Amino acid sequence: MTCAFKTVALIGKYQSPEVAEAVLRLANYLRDQGLAVLIEQGTASSTGLTSGFAIASYEEIGDRADLAVVLGGDGTLLNSACRLAEYDVPLAGVNQGRLGFLTDISREVALEKIGEILAGRFTEETRVLLDAEVRRGGRRVFHTVALNDVVVNKGELGRMIEFDLRIDGEYVYTQRSDGMIISTPTGSTAYALSANGPILHPNVDGIALVPMCPHTLTARPITLPDRCKIEIVLLPPHDSRVHFDGQTRYDTRAGDTVQITRSPHSVRLLHPEGYSYFAMLREKLHWSSTPRHS
């Protein structure tokens, strides 16, 4: 096989022994194709695949791999994408979970579809990341990236929180609500969708702001250019909690500012030929098919 990919990393669902068989099958397939195979160290530990293949950290995968194949659900791919974004390693996702908005390769045809990608028969998509930080007293106290969304919410409080929204330094409004979802186009079909946010095509250069149960019913979702700087300033006496892709969280205090911008890094997703974003939406969201003619 003539292949532009020489070293392929395999990343499995976190602490999920049931993916061991799928990881081993794919690892053996790749090795039979003459490719170097790296098993992410957490995957190797949780699946028992600690011998026979090279074990690598995310940093080593970033430095050495030409492709990372993620076996799991969308959460696994979200975590891997954020960990590898700075290294510009393309990812392909094999769905071992439920929904599979991002992990679009079915486990039943995984070897066939990965083989097609290795042979150069794929389409590539670029997804934007959010760069998020918490500032306290003018100093950054937390920083991370998110592929889906940044969610500022009331945490374990039983009451609403209150915050100012600023866009590029301009005051927009003060809102009382359960919180705010700041979503990329990728995340527009995740938590933001359940809060009645808009679906944004991945090629839209936008960030969606979706209020969560606002006290004022006229507070509606809004889509901003992704070059904007978004600031949420938490007002006393309320503390809150910020979630990043549902993977990481940070407890904020009254007076803190959550600042979100588009990250300079992005995520490269590889899909087998024939992938359609709208077909994926039709399947995952159970949209109706074309009516039959009578």
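Up top is the structure these notes are about.
Parameters at a glance
Residues numbered from 1 in each chain as written. Predicted model: local features only at pLDDT ≥ 70, side-chain atom pairs only at ≥ 80, totals over all residues. Heavy atoms only, no water. Salt bridge = Lys/Arg side-chain N within 4 Å of Asp/Glu carboxyl O. Helix = DSSP H or I, 4+ residues; strand = E, 2+ residues; numbered from the N terminus. Buried < 20%, exposed > 50% of the residue type's maximum accessible area, 1.4 Å probe, protein only. 1 Å grid on protein atoms, 1.4 Å probe; cavity = no way out; pocket = protein on both sides within 12 Å on 5 of 7 lines; lining within 4 Å. Points joined across faces, edges and corners; volume = space filled by probe spheres on them. Nonpolar A, V, L, I, M, F, W, Y, C, P; charged D, E, K, R; others polar. Contact = heavy atoms within 4.5 Å. Phe/Tyr/Trp six-rings, centres within 6.5 Å; stacked < 30°, edge-to-face > 60°.

## Some words on the pattern of salt bridges
Working step 1: According to the stated counting rule, one finds twelve salt bridges in the structure shown.
Working step 2: For Lys-113, the salt bridge goes to Glu-116, with nearest N and O atoms at 3.7 Å. Of this pair, Lys-113 and Glu-116 both sit in helix H5 (residues 110–118), three residues apart, which is roughly one turn of that helix.
Working step 3: Residue classification places Glu-116 among the buried positions, given a relative accessible area of 13%.
Working step 4: One continuous salt-bridge network, built from bridges that share partners, spans Asp-88, Glu-124 and Arg-268.

## Topic: empty space enclosed by the protein
Working step 1: Throughout the structure, instances matching the rule amount to one cavity of 30 Å³ or more.
Working step 2: In this model, the largest cavity occupies a volume close to 60 Å³.
Working step 3: In this structure, the largest cavity is lined by Phe-101, Leu-102, Arg-127, Pro-185, Thr-186, Thr-189, Leu-200, Pro-202, Tyr-277 and Met-280.
Working step 4: Classifying every residue of the lining of the largest cavity by side-chain character gives seven nonpolar, two polar and one charged.

## Quick word on the side chain of Thr-257
Working step 1: Inspection of the secondary structure assignment puts Thr-257 in strand S18 (residues 257–272).
Working step 2: Owing to a relative accessible area of 15%, Thr-257 belongs among the buried residues under this scheme.
Working step 3: Here Thr-257 is in contact with Glu-133, Val-134, Arg-135, Glu-231, Ile-232 and Val-233, once residues within four sequence places are set aside.

## A look at the packing of aromatic side chains
Working step 1: For the structure on display, the rule yields four aromatic pairs.
Working step 2: Taking 6.1 Å as the distance between ring centres and 45° as the angle between the ring planes, the aromatic pair formed by Phe-5 and Phe-122 counts as tilted. With Phe-5 in the segment before strand S1 (7–12) and Phe-122 in strand S7 (residues 122–136), the pair connects residues that are 117 residues apart, well separated along the chain.
Working step 3: Measuring from centroid to centroid gives 5.7 Å for Tyr-277 and Phe-278, while their planes differ by 75°, and the two rings are edge-to-face.
Working step 4: Connected via pairs of aromatic rings, a cluster forms that spans Phe-142, Phe-244 and Tyr-250.

## Concerning unusual backbone geometry
Working step 1: The linkage connecting Pro-236 with the following residue, Pro-237, adopts the cis geometry, with an omega of 5°.
Working step 2: The residue Asn-196 is not glycine, and still its phi comes out positive at about 70°.
Working step 3: Mapped onto the fold, Asn-196 is located in the loop between helix H6 (191–194) and strand S13 (206–212).
Working step 4: In this model, Asp-245 sits at a positive phi of 60°, which is unusual for a non-glycine residue.
Working step 5: Under the relative-accessibility criterion, Asp-245 is labelled buried at 8%.

## Focus on the layout of surface pockets
Working step 1: Taken as a whole, the largest pocket spans an internal volume of roughly 760 Å³.
Working step 2: The wall of the largest pocket is formed by 35 residues, among which Asp-74, Gly-75, Thr-76, Leu-78 and Gln-247 lie closest to the centre.
Working step 3: Residue assignment for the lining of the largest pocket shows that the elements contributing at least two residues are S1, helix H2 (41–47), helix H4 (74–84) and strand S9 (149–153).
Working step 4: Forming the walls of the second largest pocket are 17 residues, and the residues nearest its centre are Asp-104, Ile-105, Tyr-275, Met-280 and Glu-283.
Working step 5: Secondary-structure elements contributing two or more residues to the lining of the second largest pocket are strand S6 (105–106) and helix H7 (277–284).

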